[in-house]
Amino acid sequence: MKKSPFQDYLPFIFLALIALIGMFIPTAANFDDASKYSFGDIAWILVATSLVFLMTPGLSFFYGGMVNRKNVINTMMQSFIATGLISVLWVVVGFSLAFGKSYNGVIGDPSTFFFFKGVASGEPWSLANTIPLILFALFQMKFAIITPALVVGATAERIRFTSYVLFMVLFSLLVYAPIAHWTWHPDGLLAKLGVLDFAGGTVVHISAGCAALAGALVLKRRKDHIEKKELQPANIPFVLLGTGLLWFGWFGFNAGSAVSAGQLAVSAFATTNTAAATAGLSWIFFDVIRGRKPSALGFCIGAVVGLVAITPAAGFVAVPQSIMIGFAAAIVSNLMVHWKSKTSIDDTLDVFPCHGVGGMVGMLLTGVFASKAINSGGNDGLFYGNPELFLKQLLGMVIVVAYSFIVSYGIFKFINMFHPLRVSDEDETLGLDATQHNEHYHPAMMSVNGTGSLKEEEIIQ
């Protein structure tokens, strides 16, 4: 499939067009009635928004450290580019689709906040009425940024950078925005059904995990995967650094979803840390009883699975129950990773077993352990005598799994019709750092020959 030279100009043309349209959007004054807001809540959500933003570069290190050395920069860049791409898209139309005036609970009116129209001066969001609407929009933007960035781990080491950029745009518009609307808009389908998702179990992790599975199936297997080559992670310290940044940022992700600096935020903060800690330990202890050594990589992956699983439950469950959520999620995901390794599915960094399945476990256990004693705006779960919530969580999970997988599969297939998804065999062998970006990752550069340069055979390796 030959690429038209015009395709190289399209991204620049679209960005230029957006910039030109933005020039003519009427300017509205910032909110002038500060009496309706809590400055404590504003301060906390500003911090939480920054913490959630930090998760995307953290994810870049987490993924970048786990891939082959010749694909480190490409993998990190595919995640990190979302900070620019989705930020602009969210301002233009993403926020409107997710939180605009509802069309029958399915999607928001794209004209509601087109180019952030009225966001700076608008009335606060109904469920976050102590902070300005623009701050709520920025907080939600960071969730929209990291979700398509999560999918990178499944398609790593073989997808074209430009193809993935296009996937991010279409995924955000056709998958993320509708699911966010269903779940977090008061008039959304899942919200009206009574499905609970405090900070993104369905919206972020299940949607990204199922999209990851779809991408892995469409792209098919890497050459190294077919040949059953055991490739070592490029940089375990990168994985540790990425895990630390993700864990730190996740406090904003979950505790910030209380959208106020109150008792609920404190509770979500505590459950988040507890579940992550438990899951990290659960993963490596489970590895030990299966005859493996406790590894840094295992603890990091387990901790992230715990963070994923507690996300939908963080503001609905108590701290003691968060231990079970982290413990169970790590075991289930560990088993899924093992099962996947026996199949022909080439999900490079196990995004579906960790984020997809971890999110599913979290959604279902929210239906088990949720309690009105923690959050009066929630519901009691199965463990507290209400099986109805568990069934609602199960139904919501099935809907999101089916929708995100089918639509994402269609997006990957659609892109591949006119712009190849996969790099050539030669480019895959050489590595995507060099072939996609003309850049190279040389971790030993500081210690070679005292000159900062590598020998030719070391570069090839």
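Criteria and thresholds
- Residues numbered from 1 in each chain as written.
- Predicted model: local features only at pLDDT ≥ 70, side-chain atom pairs only at ≥ 80, totals over all residues.
- Heavy atoms only, no water.
- Helix = DSSP H or I, 4+ residues; strand = E, 2+ residues; numbered from the N terminus.
- Buried < 20%, exposed > 50% of the residue type's maximum accessible area, 1.4 Å probe, protein only.
- Lys, Arg positive; Asp, Glu negative; His and termini not counted.
- Salt bridge = Lys/Arg side-chain N within 4 Å of Asp/Glu carboxyl O.
- Polar contact = N/O pair within 3.5 Å; in protein donor to acceptor, adjacent residues only side chain to side chain.
- Contact = heavy atoms within 4.5 Å.
- 1 Å grid on protein atoms, 1.4 Å probe; cavity = no way out; pocket = protein on both sides within 12 Å on 5 of 7 lines; lining within 4 Å.
- Points joined across faces, edges and corners; volume = space filled by probe spheres on them.

**Q** Give me unusual backbone geometry: which residues, what numbers.
**A** If you check the backbone angles, Glu157 has positive phi at about 75° while not being a glycine. In this fold, Glu157 is placed in the loop between α5 (133-155) and α6 (161-184). The backbone of Asn438 sits at a positive phi, close to 55°, despite the residue not being glycine. Relative to the helices and strands, Asn438 is located in the loop between α17 (432-437) and α18 (456-460).

**Q** Residue-level account of the side chain of Asp197, with values.
**A** Note that Asp197 resides in the loop between α7 (189-193) and α8 (201-219). Although Asp197 is buried, it makes no salt bridge; Lys392 carries the closest opposite charge, 16 Å away. A polar contact of 2.8 Å, which involves the side chain of Asp197, links it to the backbone nitrogen of Gly200. There is a polar contact of 2.6 Å between the side chain of Asp197 and the backbone nitrogen of Gly201. Those residues within four positions of Asp197 in sequence are excluded, and the remaining contacts are Thr183, Trp184, Thr202, Val203, Pro312, Phe316 and Met363.

**Q** Can you explain empty space enclosed by the protein? Please cite residues and give values.
**A** For the structure shown, the criterion picks out two cavities of 30 Å³ or more. In this structure, the largest cavity spans a volume of roughly 60 Å³. As for the largest cavity, its lining consists of Ile86, Leu89, Trp90, Gly94, Ala144, Ser172, Leu173, Tyr176 and Ala177. Residue assignment for the lining of the largest cavity shows that the elements contributing at least two residues are α4 (82-99) and α6. Each pocket or cavity is described by its volume, and for the second largest cavity that value is around 50 Å³.

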